[in-house]
Amino acid sequence: MKILIVEDERKTASYLKRGLEENGFIADVAEDGEDGAYLAQTRSYDLIILDVMLPGQDGWSIIADLRRRQIATPVLFLTARDAVDDRVKGLELGADDYLVKPFAFAELLARTKTILRRGPVRQSQVLNVLDLELDLHRHRAVRAGRSLDLTPKEFQLLSLLLRRTGEVLSRTLIAEQVWDINFDSDSNVVEVHMRRLRAKVDEPFACKLIHTVRGVGYVLEQRS
Ligand code: CA
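Residues numbered from 1 in each chain as written. Predicted model: local features only at pLDDT ≥ 70, side-chain atom pairs only at ≥ 80, totals over all residues. Heavy atoms only, no water.

A word on the confidence of the model for the chain
Item 1. Per-residue pLDDT for the chain averages 87, and the proportion of residues at 70 or more is 90%.
Item 2. Ranking the elements of the chain by mean pLDDT puts helix α4 (residues 84-92) last, at 69, and strand β1 (residues 2-6) first, at 97. (pLDDT = per-residue confidence, 0-100. Helix = DSSP H or I, 4+ residues; strand = E, 2+ residues; numbered from the N terminus.)

Right under this line is the structure:
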């Protein structure tokens, strides 16, 4: 079991790392938000222990980014704050549990084991249609055994289409989901990215999966 500790207080971080390793876990430490976000997005962990107040990027935005990218690694928040609002905010953003500093290591260990026992994810990590496969956790897209080289936006776009296979998605909905809410409806950002995505996902293959529904939007499905 591999755990990522994102904590800027060195003493706390090394105390946690040592304790977890003594209990049979493998633990990596990131000392600021940017490193933490990078590791969380690019490597595979069974759990992330995430401090809220961090230099670079705070814990809230790290977890929000992860969940937006469909990375469902469980997160245990660690923070000096104990306001109910913060707790609710953390859980709404997709945290699995919340621990207020100072805490006893035994408590952290017990919570860690509970989260890990629940299983790694709330949703399936691998989506597939026909010969197209998307591994959300590893951030990998494969078609007919060939790895697809997608940008992060293209990956998000494809995972949205795949999660809602067979459903026609409007440009507005796609823009909201992939580019957040600040979307200029005159912009052709969705069309441009969709064209690039199709060039990678569909063009080299005989069977097309992404289809345009004129005047409405796009749908991903297998059509015989
Ligand atoms: Ca901190």
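And the narrative resumes.
Details of helix α7 (residues 171-179)
Item 1. Residues Ile 174, Ala 175, Val 178 and Trp 179 constitute the buried set of α7. Buried residues along α7 cover an arc of 100 degrees about the axis, so they all sit on one side.
Item 2. On the buried face of α7, the contacting elements are α6 (152-163), β10 (169-170), α8 (189-201) and β12 (217-220). (Buried < 20%, exposed > 50% of the residue type's maximum accessible area, 1.4 Å probe, protein only. Arc of directions from axis to C-beta. Contact = heavy atoms within 4.5 Å.)

Side note on the pairing of strand β3 (residues 47-51)
Item 1. Burial analysis of β3 places five of its five residues in the buried class, which makes it a mostly covered element.
Item 2. On β3, burial covers both faces: Leu 47, Ile 49 and Asp 51 on one face and Ile 48 and Leu 50 on the other are all buried.
Item 3. Where β3 meets strand β4 (residues 75-79), four bridges bridge the pair, whose relative direction is parallel. Opposite Ile 48, over in β4, you have Val 75 as the bridge partner.
Item 4. Each parallel crossover has a hand, and for β3 linked through helix α3 (residues 59-68) to β4 it is right-handed. (Pairing = 2+ DSSP bridges. Right-handed = clockwise from strand over helix to strand, strands pointing away.)

A closer look at the pairing of strand β8 (residues 140-143)
Item 1. The two faces of β8 differ: Ala 141 and Arg 143 on one face are buried, but Arg 140 and Val 142 on the other face are not.
Item 2. Between strand β7 (residues 132-135) and β8, which pair antiparallel and follow one another directly, the connecting turn spans four residues, one of which, His 139, has a positive phi of 60 degrees.
Item 3. Taken together, the three bridges between β8 and strand β9 (residues 146-148) define a ladder with antiparallel strand orientation. Considered in β9, the bridge of Val 142 is made with Ser 147.

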